[in-house]
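Observations on the model geometry
Listed here are the chains, written in short residue letters.
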There are 2 protein chains.
Amino acid sequence: MTYCVAMRLDAGLMFASDTRTNAGVDHIASHGKMHIFEVPGQRLIVLLSAGNLATTQSVVSLLRQRLGRDAVNLHNVATLYDAAQLVGSTLKEVVARDASEQQSQGVDFGANFIVGGQIQGEAPRLFHVYPQGNFIEASGDTPYLQIGESKYGKPIIDRVIRPDTPLAEAAKCTLISFDSTIRSNLSVGLPIDMLIYNAGSFAPAKPHRVDGDDPYFNKLRKGWSEGLRRVFARLPDADWFD
Amino acid sequence: MTYCVAMRLDAGLMFASDTRTNAGVDHIASHGKMHIFEVPGQRLIVLLSAGNLATTQSVVSLLRQRLGRDAVNLHNVATLYDAAQLVGSTLKEVVARDASEQQSQGVDFGANFIVGGQIQGEAPRLFHVYPQGNFIEASGDTPYLQIGESKYGKPIIDRVIRPDTPLAEAAKCTLISFDSTIRSNLSVGLPIDMLIYNAGSFAPAKPHRVDGDDPYFNKLRKGWSEGLRRVFARLPDADWFD
């Protein structure tokens, strides 16, 4: 499996993805799931992917080799809505090509994508593209999207994230959400790729990779774990069962 | 859906289950999912159920109406292992009866049960009975079992529960686990049924129902939420994105 989160906040966008892929427990590998398409000064589009690795890699490869070649590509679509639609149609194209009825043998060829970024003329936007190729957009009511093993790490995000949360705090919350997920689920693993984008900056993307030696991440894990235990220990026990 | 947790600790057993059942979002009702079979002084067997409500109700009804009537029933099985096996075989019987091939129309007739308790001559034991009727037992390495919507509330249990955790603390952790689940998932809802059993006591079971007005639960939710935010606020931000 996979765990990816993205947030569309007042201050900008935050993206994070783990790197573990597995086909059964004896075929585990690391593959980046964050894919950046950018024209600095003009547009940034970030894809996070979850699902069948053959499908997600094909979708990203096709999107990349069509840049500057096809009439419509991620470097010239006018809006992020159009970018989400292009990812969705490419996803449908790949699944239709690979999942022939005779040979699919029960394999799930599906994939989910998060597509976010900013194109000149628009505010930052964020979409979730479903395996069927259709998509939804994050809004002020729900400023974040998750794909993959999303449940373990959802409660902390629900408690902390509001549209006005600063980006650095969003990154902190996201790393805690990953920590909870990694502790409880083997199929999500380090390193984590993170990217912060300040709204309107159109600056070159500088993703940061967080591995097991990362001093900040380790301090955060330890501080969070100890803090939780402290809060837990101070809360009173019930008197129902005396 | 449903959320149920049970723990087998050195001090005894802890059981908890929510009460929400739903078939689609417009058919929501409350049904207890904790079913107690006891002979005070001699045995206590607790079932927690998740899955198809027709199946789980039928299994419990059959187990109950066979008490004192069938040669083998929950009031006379010699071990908790035998109790788990009886629940499993009754589950298979009900599914085989109801899920006829012509009329099942894609409905999932499956159900999961947690079966725990103590029978004179044994230590307390705890089992998870799968929809297939087979089962696993909780051990010192993994002293808890969950069924239903288990992922949201798993991280806090993984962080806190050890075999030597006292029962009152286990109940506190369980309520926090429910709080996280209820906040993030509509299909799990109050009230929560809880039962604590002190190892070797064979005392009459006194379950406690926690509803939305429960002062302790509300204090716990508030204290936990505020404590988490405090810990979160005190942790430093990363300096990667300056």
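Residues numbered from 1 in each chain as written. Chains lettered and ligands numbered in written order. Predicted model: local features only at pLDDT ≥ 70, side-chain atom pairs only at ≥ 80, totals over all residues.

Another aspect to go through is the interface of chain B and chain A. Listed as interface residues are 31 residues of chain B and, on the opposing side, 31 residues of chain A. Among the elements of the structure, helix 3 (154–160), helix 4 (167–184) and helix 5 (215–234) of chain B are those that each provide at least two residues to the side of chain B that touches chain A. Split by residue class, the side of chain B that touches chain A holds 17 nonpolar, six polar and eight charged. (Contact = placed C-beta atoms within 7 Å. Helix = DSSP H or I, 4+ residues; strand = E, 2+ residues; numbered from the N terminus. Nonpolar A, V, L, I, M, F, W, Y, C, P; charged D, E, K, R; others polar.)

On to the packing of helix 4 (residues 167–184) of chain A against helix 5 (residues 215–234) of chain A, then. Between two packed helices, the angle of one axis relative to the other and the distance separating the axes together describe the packing. All names here are of chain A. Their axes nearest at 10 Å, the elements helix 4 and helix 5 cross at an angle of 70°. With respect to helix 5, the element helix 4 is oriented roughly perpendicular. Residues Lys-172, Leu-175, Ile-176 and Asp-179 of helix 4 lie in contact with helix 5, whose contacting residues are Phe-217, Leu-220, Arg-221 and Trp-224. A class-by-class count of the residues in the contact of helix 4 with helix 5 yields five nonpolar, no polar and three charged. (Axes fitted to C-alpha atoms, helices over the stretch in contact; angles between N-to-C directions. Parallel < 35°, antiparallel > 145°, perpendicular 65-115°, else oblique.)

Between chain B and chain A, which share one sequence, the superposing operator has a rotation angle of 180° and an axial displacement of 0.0 Å; the RMSD is 0.0 Å. In the structure described here, the two chain copies are related by an operation that fits a two-fold rotation axis. Residue Tyr-152 of chain B, judged by its C-alpha, is the member of chain B lying nearest the rotation axis, at 2.3 Å. Interface residue correspondence from chain B to chain A reaches 100%, placing this contact among same-surface, isologous pairings. (Least-squares fit on C-alpha atoms with pLDDT ≥ 70 in both.)

All names here are of chain B. Burial analysis of strand 1 (residues 3–9) places seven of its seven residues in the buried class, which makes it a mostly covered element. Of the pairings in the sheet, the one linking strand 1 to strand 10 (residues 144–148) comprises five bridges and is antiparallel in character. From the neighbouring strand, Ala-6 faces strand 10, where its bridge partner is Leu-145. Where strand 1 lies against strand 2 (residues 12–17), six bridges are found, and the strand directions are antiparallel. Looking at the pairing, Val-5 lines up with Ala-16 of strand 2. Hairpin remark: strand 1 followed by strand 2, antiparallel, with two residues in the connecting loop. (Buried ≥ 20, exposed ≤ 12 C-beta atoms within 10 Å, placed from the backbone. Pairing = 2+ DSSP bridges.)

Turning to the sheet that holds strand 2 (residues 12–17) of chain A, a few remarks are in order. All names here are of chain A. Read from one edge of the open sheet, five strands run 10-1-2-11-12, paired in antiparallel fashion. Of all the strands in the sheet, just strand 10 (144–148) and strand 12 (208–210) have a single pairing partner and so form its edges. Across the sheet, the mean angle from the axis of one strand to that of its neighbour is 15°, orientation sign disregarded. Note that strand 11 (residues 192–198) and strand 12 share three bridges and pair antiparallel. Counted as the bridge partner of Met-194 is His-208 from strand 12.

Before going further, it helps to spend a moment on the sheet that holds strand 9 (residues 135–137) of chain B. Sheet strands pair via backbone hydrogen bonds, and the direction of the pair is either parallel or antiparallel. Residue and element names in this part refer to chain B. Strand order in this open sheet of five strands is 5-6-7-8-9, and the pairing throughout is antiparallel. The sheet is open, and its two edges are formed by strand 5 (34–39) and strand 9, each paired on a single side. The mean angle between the axes of side-by-side strands here comes to 20°, regardless of whether they run parallel or antiparallel. In terms of strand pairing, strand 8 (residues 125–129) meets strand 9 through three bridges, oriented antiparallel. Looking at strand 9, one finds that Val-129 is bridged to Phe-135. Against the sheet, helix 1 (residues 53–65) contacts strand 5, strand 6 (43–51) and strand 7 (111–119), and its axis sits at roughly 160° relative to strand 6. Where helix 2 (residues 80–98) meets the sheet, its contacts fall on strand 6, strand 7, strand 8 and strand 9, and the angle it forms with strand 7 comes to roughly 155°.

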